[in-house]
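Here is how the chains run, residue by residue.
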Amino acid sequence: RDRVLRGVVAERLLWQEAIKQGIDKTETIQRDLEEIKRKMLVKALLDSKSGEIGDAELQAAYNEQVLALKDEKEIRARHILALSEKEAKEAQKLLESGKSFEEVAKDYSKDPASATQGGDLGYFTKDTMVAEFADAAFGLKKGEVSTPTKSSFGWHIIKVEDIRQVAPPTFNAAKEQLTLKLQEKRLSDYVRTLVNQSNVKLFDSKGGELPFNKDTAQDQGSPLKP
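About the criteria used
Residue positions within a chain follow its written sequence, with the count starting from 1. It should be noted that, the model being predicted, local features are given only for residues of pLDDT at least 70 and side-chain atom pairs only at 80 or more, the latter also being counted only at that level, while totals for whole chains, interfaces and linings use all residues. Side-chain measures were taken over the full set of non-hydrogen atoms in the model, leaving aside hydrogen atoms and water. Here, any two strands with at least 2 DSSP bridges between them count as paired. The helix count covers DSSP runs of H or I at least four residues long, the strand count covers runs of E at least two residues long, and both are numbered beginning at the N terminus. Lines are fitted to the C-alpha atoms to define the axes, a helix being fitted only along its stretch in contact, and any angle between axes, read from their N-to-C directions, falls within 0 to 180 degrees. Every residue pair with non-hydrogen atoms within 4.5 Å of one another is taken to be in contact. A 3.5 Å cut-off defines polar contacts: any pair of N or O atoms within that distance qualifies, except that in protein one atom must be a possible hydrogen donor and the other a possible acceptor, and neighbouring residues in sequence count only when both atoms are side-chain atoms. Nine residue types can take part in a nonpolar core, namely buried Ala, Val, Leu, Ile, Met, Phe, Trp, Tyr and Cys, and a core is a set of them joined through side-chain atoms within 4.5 Å. Using a 1.4 Å probe on the protein chains alone, a residue whose accessible area is under 20% of its type maximum counts as buried, one over 50% counts as exposed, and one in between counts as partly exposed. By convention, a stacked pair of Phe, Tyr or Trp rings (six-membered ring in the case of Trp) has centres within 6.5 Å and planes under 30 degrees apart, an edge-to-face pair has planes over 60 apart, and any other such pair is tilted.

A. Looking closely at the sheet that holds strand 3 (residues 149-151). With antiparallel pairing, the four strands of this open sheet are ordered in space as 2-1-4-3. The sheet is open, and its two borders are formed by strand 2 (120-125) and strand 3, each paired with just one other strand. Each adjacent strand pair in this sheet contributes to an overall mean axis angle of 45°, direction not counted. In terms of strand pairing, strand 3 meets strand 4 (residues 154-165) through three bridges, oriented antiparallel. Its bridge partner being in strand 4, Thr-149 is matched across the sheet by His-156. The sheet strands contacting helix 4 (residues 85-96) are strand 1 (73-82) and strand 4, and the helix crosses strand 4 at an angle near 50°.

B. Structural view of the side chain of Glu-74. Relative to the helices and strands, Glu-74 resides in strand 1. A distance of 2.6 Å separates polar atoms of two side chains, one belonging to Glu-74 and the other to Arg-164. Excluding anything up to four places from it in sequence, Glu-74 contacts Tyr-123, Phe-124, Thr-125, Phe-138, Asp-162, Ile-163, Arg-164, Gln-165 and Val-166.

C. Representation of the nonpolar core within the structure. Residues Ile-75, Ala-77, Phe-124, Phe-133, Ala-136, Ala-137, Leu-140, Ile-158 and Val-160 constitute the largest nonpolar core, which totals nine residues. The dominant element in this core, judged by the number of residues it contributes, is helix 7 (residues 131-138), at three residues. Setting aside chain neighbours within four positions, we find Leu-140 in contact with Val-145, Ser-146, Ile-158, Val-160 and Ile-163.

D. Quick peek at the environment of Lys-93. Mapped onto the elements, Lys-93 comes out in helix 4. Considering only alpha carbons, one finds Lys-93 and Gln-21, 72 residues apart in sequence, at a separation of 80 Å.

E. Geometry of the packing of aromatic side chains. Going through the model one piece at a time under the given rule, you end up with three aromatic pairs. Look at Tyr-62 and Phe-171: their rings are 5.5 Å apart centre to centre, the planes differ by 85°, and that puts the pair in the edge-to-face class. Here Tyr-62 is found in helix 3 (residues 55-68), whereas its partner Phe-171 is found in helix 8 (residues 171-197), with 109 residues between them in sequence. Both residues of the pair, Tyr-62 and Phe-171, count as buried. Plain terms: the ring middles of Phe-124 and Phe-138 are 6.1 Å apart, the flat faces sit at 75° to each other, and that makes the pair edge-to-face. One end of the pair, Phe-124, is in strand 2; the other, Phe-138, is in helix 7, and 14 residues separate them in sequence. Feature note: the residues Phe-124, Phe-133 and Phe-138 constitute an aromatic cluster, connected by ring pairs.

Given below as structure tokens:
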């Protein structure tokens, strides 16, 4: 307790001494204080504009996102990652000889995160994987194995274990994330309105006027997706 008290006293004495020496009047401190004030005011304004999101608005947003996900699929797949096409073809020959995919993945895959699980990647949607891998995986039927496929990570052999519809979260599970998303959209709309109503002009270093794009709209995405 005494140590904390001494710290408080020391801080107060240092503050008083700084005022006495006029440090608070220096250009650097004044600029920093003005910057802090500006940020606090902007934050207070944005907090006041975000407001409460009602259940009806949340439910409408939830229904819209569930509808958007109704046709989306996810797959469960395994893969064997090789560092070269030659290694990938060697692993492919082992599969063709009758060795199980899990066994070959454990022995040959260079993906340490999945190799110990027999190459199992769990369930995933197409947009969560690199394009080359995703295109190959989602082009397979359940139980099919791909030919060696190259991506930025190396060469993959992919086996699809299951295909299913994406199950959206319940309303209660999605409520917090939906609230944040709707508040972000509300603030984005407010800022965009301010910018569009402003008289902002942009100039180059020689004084020539440049085009200024006032469109601050951002892709809101789906709050129900990872």
